[in-house]
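# Report on the structure
Listed here are the chains, written in short residue letters.
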Amino acid sequence: RAMERRASRPAGAPALAQLGAQLGSDVPFALYGGTALVEGRGERVQPLVWAAPATWYVLVCPQAPVDTGWAYAELARQRAGSRLSDSDAYRRFIGSARGGRLDATGLWSVIDNDFQPLIEGAKPIVARASQLLAGTGPLTHSMSGSGSTVYGVYDDRTAAERAALKLGAAGYPVFLCTPVPAATS
């Protein structure tokens, strides 16, 4: 985005996203920011309007690095092509998001991570963090990407703060976050 601002002939967001996809799968989303439906390897980004009340996230980062290449290979071996995210409810939710608006209430009911059972089985510290987090009453909780960070979503700041304190007291690095608006050029 800084290069784009300084360029004499700006390339535009789609061109930057295409270039960014060559650097890494998460780069196009990071260039757009905000809330988005991200598909493919991460190169297809559709910005969405976030339709939800104030939301807080508790990120819990167990000290258990996960090798992403291993995680993908192991998941492919175990699943033999099927995915947990192939459910009808998930497909309906993604279809509704293609309209450009994200209904958070619908999102909470379909959050799932195909990697989570695999990583929790291989890294018991991640499973324990997830269990502790679930016990704090989040709207939903899951694992981010191929791990090892787990997160809980709260619509009450005080509940999120209590959860963060509980997980921090259990020895986990914890971050309390709120969404940020989309980046502007």
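Structure report, in brief.

## Section: the overall build of the protein
Looking only at helices and strands, the protein features 9 helices and 8 strands. In terms of overall size, the protein behaves like a compact globule, its C-alpha atoms giving a radius of gyration of 18 Å where 185 residues would be expected to give roughly 16 Å. Projected onto its principal axes, the C-alpha positions of the protein cover 50 × 40 × 35 Å. Burial analysis of the protein (185 residues in total) assigns 35% to the buried set. Within the protein, contacts between residues separated by at least 24 positions form 65% of all contacts whose residues are at least 6 apart in sequence.

## Considering the sheet that holds strand β8 (residues 174–177)
Pairing between the strands of a sheet is mediated by backbone hydrogen bonds and can be parallel or antiparallel. Within the open sheet, the 4 strands sit side by side as β6-β7-β4-β8. Their pairing is antiparallel. Either end of the sheet is taken by a strand with one partner, and the two such strands are β6 (140–143) and β8. Across the sheet, the mean angle separating the axes of adjacent strands is 15° when strand polarity is ignored. Sheet strands touched by helix α8 (residues 124–134): β4 (56–60), β6 and β7 (150–154). Its angle to β7, the strand with the most contacts, is close to 10°. Each of β4, β7 and β8 is contacted by helix α9 (residues 157–169), which is oriented at about 10° to β4, the strand it contacts most.

## What to know about the nonpolar core
Formed by 23 residues in total, the largest nonpolar core has its most connected members in Val 58, Val 60, Phe 115, Ile 119, Leu 133, Val 150 and Tyr 154. Residue contributions to this core peak at 5 residues, all from α9. Leaving out residues up to four positions away in the same chain, Ile 119 has contacts with Val 66, Trp 70, Ala 71, Val 126, Met 143 and Ser 146. In this structure, Ile 94, Leu 102, Leu 107 and Val 153 belong to the second largest nonpolar core, which totals 13 residues.

## Side note on the side chain of Thr 55
Along the chain, Thr 55 turns up in the loop between β3 (49–51) and β4. Those residues in contact with Thr 55 that lie beyond four places of it in its chain are Trp 50, Trp 108, Val 153, Tyr 154, Cys 177, Thr 178 and Pro 179.

## A look at the side chain of Ser 130
Turning to its location among the elements, Ser 130 is positioned in helix α8. Side chain to side chain, Ser 130 and Gln 116 meet in a polar contact 3.2 Å long. Every residue in contact with Ser 130, bar those within four places of it in the chain, is listed here: Gln 116, Glu 120, His 141 and Val 150.

Quick notes on the rules
Residues numbered from 1 in each chain as written. Predicted model: local features only at pLDDT ≥ 70, side-chain atom pairs only at ≥ 80, totals over all residues. Heavy atoms only, no water. Helix = DSSP H or I, 4+ residues; strand = E, 2+ residues; numbered from the N terminus. Rg over C-alpha atoms; globule rule 2.2 N^0.38 Å. Buried < 20%, exposed > 50% of the residue type's maximum accessible area, 1.4 Å probe, protein only. Contact = heavy atoms within 4.5 Å. Pairing = 2+ DSSP bridges. Axes fitted to C-alpha atoms, helices over the stretch in contact; angles between N-to-C directions. Core = buried A, V, L, I, M, F, W, Y, C linked by side-chain atoms within 4.5 Å. Polar contact = N/O pair within 3.5 Å; in protein donor to acceptor, adjacent residues only side chain to side chain.

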